[in-house]
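# Examination of the molecular architecture
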Amino acid sequence: MSRHSPVQSALRSASLPAIALIAMAFFGYYAILGPNGVLALGEFKRQVAARTSEYQTLDKQRAELQNRVNLLDPKKIDRDLADELARKQLNVARPDEVIVPLKKD
């Protein structure tokens, strides 16, 4: 029969709680200081705000382009836009020329 010293038995009985404590400390560290932790939340909020602003700008540009596409619809083309594009393509528009759209009835 082998007898264990009191130190060995104390180490064996304390090993499971020590491993659990180390695991909790590890996960706690990453929950607070890790790349996805609580302290990174501010940076994520700044990134979301920047992306939201960027998406709003892109949505505005998309709406302008969609309007231009709608004006170039072959079924109902806008004559002023067609004239403007033709003059630019044929190189007959001067750089200082201003095209004034006429009000339609």
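This one's a predicted model, so the numbers in the text were calculated from it and none came from an experiment.

Conventions used here
Residues numbered from 1 in each chain as written. Predicted model: local features only at pLDDT ≥ 70, side-chain atom pairs only at ≥ 80, totals over all residues. Heavy atoms only, no water. Helix = DSSP H or I, 4+ residues; strand = E, 2+ residues; numbered from the N terminus. Rg over C-alpha atoms; globule rule 2.2 N^0.38 Å. Areas by Shrake-Rupley, 256 points an atom, 1.4 Å probe, with all protein chains shown as cover. Lys, Arg positive; Asp, Glu negative; His and termini not counted. Charge placed at Lys NZ, Arg CZ, Asp CG, Glu CD. Salt bridge = Lys/Arg side-chain N within 4 Å of Asp/Glu carboxyl O. Buried < 20%, exposed > 50% of the residue type's maximum accessible area, 1.4 Å probe, protein only. Phe/Tyr/Trp six-rings, centres within 6.5 Å; stacked < 30°, edge-to-face > 60°.

### Notes on the overall build of the protein
The helix and strand tally for the protein stands at three helices and zero strands. Secondary structure of the protein in N-to-C order comes out as α-α-α. Compactness check: the protein gives a C-alpha radius of gyration of 35 Å against a globular reference of 13 Å for 105 residues, more than 25% above the reference. Considering only C-alpha atoms, the protein reaches an extent of 105 × 30 × 30 Å along its principal axes. A total of about 9900 Å² of accessible surface is found on the protein, and carbon and sulfur atoms cover 62% of it. Here the protein holds 16 positive side-chain charges and 12 negative ones, and the gap between their average locations is 14 Å.

### Topic: the pattern of salt bridges
With the rule as written, the count across this model stands at three salt bridges. The salt bridge involving Arg51 is made with Glu54; its shortest N-O contact spans 3.6 Å. Of this pair, Arg51 and Glu54 both sit in helix H2 (residues 41-71), separated by three residues, roughly a single helical turn. Looking at Arg51, the relative accessible area reads 48%, which means it is partly exposed. Ionic pairing is found between Asp59 and Arg62, a salt bridge with its closest N-O pair at 2.7 Å. In this pair, Asp59 and Arg62 are both assigned in helix H2, three residues apart and thus about one turn of the helix distant. On the basis of relative accessible area, Arg62 is assigned to the exposed category, the value being 53%.

### Focus on the packing of aromatic side chains
Tallied over the full model, the rule gives three aromatic pairs. Taken together, a centroid distance of 5.3 Å and an interplanar angle of 75° make the contact between Phe26 and Phe27 edge-to-face. Judged by its relative accessible area of 47%, Phe26 is partly exposed. Classification of Phe27 as exposed rests on a relative accessible area of 59%. Following the ring pairs from residue to residue traces out a cluster consisting of Phe26, Phe27, Tyr29 and Tyr30.

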